[in-house]
Amino acid sequence: MDGIASDVAVGVKRSSDELLSGSLYNSPNSSVTANGSDSKKLRVEDSMDSPPSRVIHIRKLPNEVSETEVIALGLPFGKVTNILMLKGKNQAFLELGTEEAAVTMVNYYTAVTPQVRNVPVFIQYSNHKELKTDSALNQRAQAVLQAVSAVQEGGSPSSDAAGESVLAPAPSPVLRIIIDNMFYPVTLDVLQQIFSKFGTVMKIITFTKNNQFQALLQFSDPVNAQQAKLSLDGQNIYNSCCTLRIDFSKLVNLNVKYNNDKSRDYTRPELPAGDGQPPVDPAVAAALNKDSTSLLGAISPLSAAAAAAAAAGRVALSGHSGTNGVLLASNLNEEMVTPQSLFTLFGVYGDVQRVKILYNKKDSALIQMADGNQAQLAMSHLNGQKMYGKIIRVTLSKHHTVQLPREGLDDQGLTKDFTNSPLHRFKKPGSKNFQNIFPPSATLHLSNIPEDVTEDDLRLLFSNSGGTVKAFKFFQDRKMALLQMSTVEEAIQALIDLHNYDMGGGHRLRVSFSKSTI
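None of these values were measured; they are calculated from a predicted model. (Residues numbered from 1 in each chain as written. Predicted model: local features only at pLDDT ≥ 70, side-chain atom pairs only at ≥ 80, totals over all residues. Heavy atoms only, no water.)

## Brief notes about the pattern of salt bridges
Summed over all chains, the structure comprises ten salt bridges. In this structure, Lys361 and Asp363 form a salt bridge, with 3.1 Å as the shortest nitrogen-oxygen distance. Accessibility expressed as a relative area gives 16% for Asp363, which makes it buried. (Salt bridge = Lys/Arg side-chain N within 4 Å of Asp/Glu carboxyl O. Buried < 20%, exposed > 50% of the residue type's maximum accessible area, 1.4 Å probe, protein only.)

Encoded structure:
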């Protein structure tokens, strides 16, 4: 293991006022303080300098950490295929099933400080491409790994897992969730988006008991409930507050009678909204002993969306809309990029006000969003994505506004003001677009399709954007459809080219990323 020290660290440089405690949605931080006597700050370098590997090197682990806790760091991102614990050095190596899963994990933890037992740990790509472990020396770790794999694949975990009770078979698809230290209100939609990372959420009931906000949440499969509990129990939704306490419920099925902001059955969208707190069946009512205390208020839609998006896969929310709304995008393809293409892509996550491609550094641009939450949301989803063949970097800029060129000065079209653009997706309060913010994916959601447009028309249109259409599916009313490109990069390109495309007859095609697959 001589190569350990040469692994390149990842992270983002940030000012000292952003060194916040770890949570599901915390601000990116610039450095992690070492354990023990080593008090100097670790140097944090750009993840793009290090070649990706499916082996992740984890350092500065707390003493006596268990294999399960280390595996839980990688579990939300895909199958964990091997683990090597170096307990004397407070280090571990985690091998994921695919390089793509490892890249997603590193991108996420580049901006959200990973924590084990409330201690920040340091994550980077290893220079090992796979782990070769001595099964005799690594027996306990392998037993735990097999148990987790069995749970992930729906089987029964091995009894050799050294008494790790956390890996016992899931008794129920229903989780009971208590929110401790609820400094900010938590909505049903935020819970749905956090937990849907782990599987299909079918039903949620929220209530207040003993002045504590609680929820019952039902997955389609107990295995998904097991994974969610393993990864999320004890995590904070926002910085240093709104801690999730998760247990299995004694109930195995929830009976939801109303779809509103207190309860939801995602399998039965036709349910009425009801009045006030919805009634639930007697078994649930007895279990809840509900009272009439309501939530303190509502998170603004974009805050909730940013928060939920963070849990659903990438990066996080600062918790304050007062943060800077200007982003710096770098490593752009300067031959291809335009203010309009950046407006379209970043406009998926907020209302872009101005874009300036830098005159002396045309592979970089400043993008001004409507507020800090939108900037965080765009950064979280677009940092590390491929645009025009290059992996782009997105960070918060030190600028607070994008200056327009002086009157009469020709800046070659590098700066554009979109303040009054009719294409802003989020200018209408309560717009459904707030609920449909998803990470870039190969599957696109199309809407506003004219009646006379066929599947072949759309396949041809999207093939012409330079990609391959793998699958297509019309919704029942044929005004909407799902279309799957062969890669996320192709889908990004198609969205840039074809969002707002004139389909004739006053129909402008609307294109978004979808969480669904075909």
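## Some remarks on the nonpolar core
Counting residues in each nonpolar core, the largest one holds 53 residues, and the members touching the most others are Leu342, Phe346, Leu444, Leu446 and Phe462. Ranked by residue count, the leading element in this core is helix 11 (residues 488–498), at six residues. Residues in contact with Phe462, not counting those within four places in the same chain, are Leu444, Leu446, Gly467, Val469, Leu483, Met485, Ala494, Leu498, Leu509 and Val511. Within the second largest apolar cluster, 30 residues are counted, among which are Ile58, Leu73, Leu75 and Ala141. (Core = buried A, V, L, I, M, F, W, Y, C linked by side-chain atoms within 4.5 Å. Helix = DSSP H or I, 4+ residues; strand = E, 2+ residues; numbered from the N terminus. Contact = heavy atoms within 4.5 Å.)

## Quick word on a negative patch on the surface
On the surface, Glu451, Asp452, Asp456 and Asp457 cluster together into a patch of negative charge. Relative to the helices and strands, Asp452 is located in the loop between strand 20 (443–447) and helix 10 (455–463). According to the relative accessible area criterion, Asp452 is exposed, its value standing at 64%. (Patch = residues over 30% accessible without salt bridge, like charges linked within 9 Å, V, L, I, M, F, W, Y side chains within 5 Å. Areas by Shrake-Rupley, 256 points an atom, 1.4 Å probe, with all protein chains shown as cover. Lys, Arg positive; Asp, Glu negative; His and termini not counted. Charge placed at Lys NZ, Arg CZ, Asp CG, Glu CD.)

## Description of helix 4 (residues 188–195)
Among the eight residues that make up helix 4, seven are buried, leaving the element largely enclosed by the rest of the structure. Those residues of helix 4 not exposed but buried are Leu188, Val190, Leu191, Gln192, Gln193, Ile194 and Phe195.

## As for the packing of helix 8 (residues 339–346) against helix 11
Between helix 8 and helix 11, whose axes approach to 9 Å, the crossing angle comes to 110 degrees. For the element pair helix 8 / helix 11, the angle class is roughly perpendicular. As helix 8 packs across helix 11, the resulting crossing turns out to be right-handed. Between helix 8 and helix 11, the contacting residues are Ser341, Thr344 and Leu345 on the first element and Ile492, Leu495 and Ile496 on the second. Considered class by class, the residues forming the contact of helix 8 with helix 11 number four nonpolar, two polar and no charged. (Axes fitted to C-alpha atoms, helices over the stretch in contact; angles between N-to-C directions. Parallel < 35°, antiparallel > 145°, perpendicular 65-115°, else oblique. Left-handed = near helix turned anticlockwise from the far one by under 90°. Nonpolar A, V, L, I, M, F, W, Y, C, P; charged D, E, K, R; others polar.)

## Observations regarding the pairing of strand 15 (residues 365–369)
Across the five residues that make up strand 15, a large majority, five, are buried. Covered by surrounding structure in strand 15 are Ala365, Ile367 and Met369 together with Leu366 and Gln368, the residues of both alternating faces. As judged from the four bridges shared by strand 13 (residues 326–330) and strand 15, these two strands associate in the antiparallel manner. If you follow Leu328 over to strand 15, its bridge partner there is Leu366. Bridge count between strand 14 (residues 352–357) and strand 15: five bridges; the pairing is antiparallel. From the neighbouring strand, Val352 faces strand 15, where its bridge partner is Met369. (Pairing = 2+ DSSP bridges.)

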